[in-house]
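Coordinate analysis (summary)
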Amino acid sequence: MASSPDASSDPYSLHARSERGSSSHDDTTEEDLETAEERIERENAPASVDYYAILNVERTASEEDIKNAFRRLALIFHPDKTHLAEDKLAAETKFAEIQKAHDVLSNPAKRHIYDTYGADAAEMSWEVGARGQTQEEVRAEYDRQTRQRQEMAAETLAKSRGEIHLSLDASQLFDPEVRFARQRRRRLPLGRFEPQEEPARGFADILQWPEVTSALVKHSWETQLTQQTGLTVQGDVVARNGIGVGNVTGIVRHVVSPMMWGEVSGTLGQTPSAQAKLVKNFSPDSFATLAASSTTLAAPPTLVASLGRKLSSTFTGYLTFHSGDWQLGPWGANQDFHQRSACSVGLMRRVDRVQWNTDIQAGIASSHVSFTYFSTLPRSIRARASVVLSTTMGMQCSLAADKKVTKYTRIGLGVDAAQMGGVTLRMKLARLGQKFVLPIMLTPQFDLKLALWATILPVVASYTMDRFYFSPRRKQRLADKLSQVRASNAELFSQRRKEAEDAIRIMKDSVLRKLEAEEAKNGLIIVEAIYGKLPASDLAPIQALSMQGIRAMFETMGTSSASVDDDKQLEYIDVTVAIQSLVNSSQLHVSGGHSKSNVIGFYDPCWGEAKRLRITYRYQDKLHQVEVDDHSAVAAPLRAHIVSDGR
């Protein structure tokens with residue numbers, strides 16, 4: 001019987017599982033312009049530092065792993081281990097950086113602060129509270145101070161909101177009956193027209209400007225009265241057919257407990273009203289709401305009660321009852337019952353970036369079935385579609401989408417088609433809490449053909465504009481921004497490159513000793529490692545290298561003759577020595593979850609560009625090669641890396 005191979009005797013078995021678990025996702029979505037510019041500045045900020053990369057450990061590393069990593073680096077970079085005077089200062093600087101990383105990551109409190117808030121927060125004195133406070137209390141105080149600063153900075157963005165709706169009637173341009181009547185009048189002989197019809201005005205008769213049918217202006221601002229109570233004041237003015245109506249509404253919202261909150265509001269204007277709402281969460285999976293509204297004291301308020309429950313991790317169901325107009329004994333007996341009671345049941349499902357919900361309502365006066373679908377698409381696009389079938393309003397269909405064009409600006413387009421409302425094209429512009437909506441009625445009739453064209457043509461026009469104007473313009477602006485960041489950080493770039501070259505020079509002797517040890521046992525020898533914007537792989541020159549050639553290559557690295565001129569724009573750098581220094585007992589591990597430009601001996605050769613790491617190595621007389629993206633871990637040796645059996 002053939003025995004199964006012993007895993008302990010397999011030189012590749014140690015990293016087989018870790019390599020499978022370190023696969024990276026290649027999903028990328030386009031960022032808006034400001035976000036991409038901010039990302040470029042953030043990634044190239046002088047304060048950017050990653051302690052995990054410096055020690056070459058994972059973010060889940062234990063205290064023992066951190067201690068061992070520090071000891072290995074201390075053997076190389078401790079100033080007492082450096083004998084050359086020219087390397088003494090560089091070793092002291094690098095060792096201080098290594099020691100700082102060890103001090104932060106080996107202290108559980110500082111490590112938690114670093115993981116949550118970054119290196120700047122970890123270096124603070126943390127005198128934000130009284131001495132003797134627990135870690136949770138210190139963190140709560142830090143959160144409070146951070147939130148207060150953020151609120152002050154964002155007050156002008158979130159506390160004031162405005163909205164303008166301008167409704168237009170353009171049915172004269174699209175109504176087929178009107179167009180047919182005008183064509184028939186023009187066919188009359190001798191230029192005569194029917195007496196009851198308005199004479200044609202030539203070309204001006206074709207240009208019928210849309211008519212403004214209504215306008216709505218709404219503005220609101222909010223403020224926090226106490227930590228649990230907020231106030232919102234909203235004013236709106238509506239003008240329709242030459243008649244204007246204005247209202248002012250005040251809303252007070254109060255959080256009673258983490259499981260319950262309520263609000264009361266009142267409206268002053270042509271039709272005064274009062275509303276109240278209470279929301280109660282019985283558990284993380286169930287809730288209830290009760291809302292009441294009234295426009296007169298002569299009748300009981302209209303009530304809306306809802307019960308909801310989370311049925312699974314993705315499904316939520318709810319039941320809603322609308323009381324409509326009702327009476328309580330003689331109270332409300334003289335009112336006109338305009339609203340009738342109804343009951344509805346709904347189901348909502350949310351998975352990642354997709355959400356849909358359906359609602360079925362049965363009522364005395366009206367019943368309906370509705371379905372709504374919402375999805376967040378790539379390129380910062382949000383799409384929404386809905387269909388409603390009603391016993392009173394017939395069919396209503398809606399399709400809309402909006403796109404983030406800058407960090408604070410969104411533009412949207414939608415089409416509504418209803419049997420009782422015709423076809424309406426809606427355009428929207430939203431920026432910093434201010435919104436402008438332009439509904440344009442194309443026809444008062446339910447015309448699905450016109451609705452289809454009203455959807456297709458704007459989408460094609462929007463795609464064409466984005467493809468041939470906005471996208472090239474955005475790419476050019478990002479390229480200009482990247483050039484600006486590189487120019488402004490040229491001195492920092494030279495400093496980081498010098499630090500990496502100094503580190504390579506300091507670690508070269510220990511790496512040569514490792515190289516001899518690995519050669520003696522036919523172990524893991526790094527033939528070439530390059531990092532940055534990589535060219536196509538060419539194994540022919542590497543396969544031709546002998547062991548003497550590899551050793552000579554290591555000896556020349558880190559010397560002044562191997563340095564690159566400051567004026568030359570690099571796309572990738574050689575990190576062979578830095579990778580060989582990470583080899584221990586014929587095993588290589590490069591930690592992931594961070595940019596490798598922070599690893600000792602590395603620097604970023606192409607700021608703002610996507611970077612990869614390619615390692616070519618020999619192990620047991622076989623040539624191996626592996627290539628990963630900037631944030632992925634590397635484990636070697638692995639059989640999957642074999643590219644040649646030749647020496």
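Calculation rules
- Residues numbered from 1 in each chain as written.
- Predicted model: local features only at pLDDT ≥ 70, side-chain atom pairs only at ≥ 80, totals over all residues.
- Heavy atoms only, no water.
- Helix = DSSP H or I, 4+ residues; strand = E, 2+ residues; numbered from the N terminus.
- Buried < 20%, exposed > 50% of the residue type's maximum accessible area, 1.4 Å probe, protein only.
- Polar contact = N/O pair within 3.5 Å; in protein donor to acceptor, adjacent residues only side chain to side chain.
- Contact = heavy atoms within 4.5 Å.
- Patch = residues over 30% accessible without salt bridge, like charges linked within 9 Å, V, L, I, M, F, W, Y side chains within 5 Å.
- Areas by Shrake-Rupley, 256 points an atom, 1.4 Å probe, with all protein chains shown as cover.
- Salt bridge = Lys/Arg side-chain N within 4 Å of Asp/Glu carboxyl O.
- Phe/Tyr/Trp six-rings, centres within 6.5 Å; stacked < 30°, edge-to-face > 60°.
- Lys NZ or Arg CZ within 6 Å of the ring centre and 35° of its normal.
- Pairing = 2+ DSSP bridges.
- Expected span 1.5 Å × (residues − 1).

A closer look at the side chain of Gln625
- Mapped onto the fold, Gln625 is located in strand 23 (residues 622-629).
- A relative accessible area of 18% means that Gln625 is categorised as buried.
- Engagement of the side chain of Gln625 in a polar contact is seen with the side chain of Ser537, the distance being 3.0 Å.
- Within the structure, the side chain of Gln625 is placed 2.9 Å from the side chain of Thr616, a separation counted as a polar contact.
- Setting aside residues no more than four positions away along its own chain, Gln625 makes contact with Ser537, Leu539, Arg614, Ile615, Thr616, His641 and Val643.

Regarding a nonpolar patch on the surface
- On the surface, Phe282, Leu307, Leu319, Val345, Ile360, Val369, Val387 and Leu389 cluster together to form a nonpolar patch covering roughly 720 Å² of accessible area.
- Within the element layout of this structure, Leu319 appears in strand 9 (residues 315-322).

Brief notes about the packing of aromatic side chains
- The full count for this structure, using the stated rule, is seven aromatic pairs.
- Relative to Tyr114, the ring of Tyr52 has its centre 5.9 Å away and its plane inclined at 40°; by these criteria the two rings are tilted. Here Tyr114 lies in helix 6 (residues 108-117) and Tyr52 lies in helix 3 (residues 51-55), a separation of 62 residues in the sequence. Tyr114 shares its class with Tyr52; the two are buried.
- Here the aromatic cluster, defined as three or more aromatic residues joined through ring pairs, consists of Tyr51, Tyr52 and Tyr114.
- Over the face of the ring belonging to Phe468 we find Arg467, whose NZ or CZ atom lies 5.4 Å from the ring centre.

Quick word on the sheet that holds strand 21 (residues 587-590)
- Taken in spatial order, the three strands of this open sheet run 20-21-24, and their pairing is antiparallel. Whereas interior strands pair on both sides, the edge strands pair on one side only; in this sheet they are strand 20 (583-584) and strand 24 (634-636).
- Bridging between strand 20 and strand 21 involves two bridges; their strand directions are antiparallel. Its bridge partner being in strand 21, Asn584 is matched across the sheet by Gln587.

A short note on unusual backbone geometry
- The omega angle of the peptide bond from Ala636 to Pro637 is 5°, so this bond is cis rather than trans.
- Of note, Pro637 is situated in the loop between strand 24 and strand 25 (642-644).
- In the Ramachandran plot, Asn522 falls in the positive-phi region, its phi being about 55° despite a non-glycine side chain.
- Classification of Asn522 by relative accessible area gives partly exposed; the value is 32%.

A closer look at helix 4 (residues 63-77)
- Taking 1.5 Å per residue, 15 residues should reach 21 Å; helix 4 reaches 21 Å between its end C-alpha atoms and fits that length.
- Along its buried surface, helix 4 packs onto helix 3, helix 5 (85-105), helix 6 and helix 13 (490-520).

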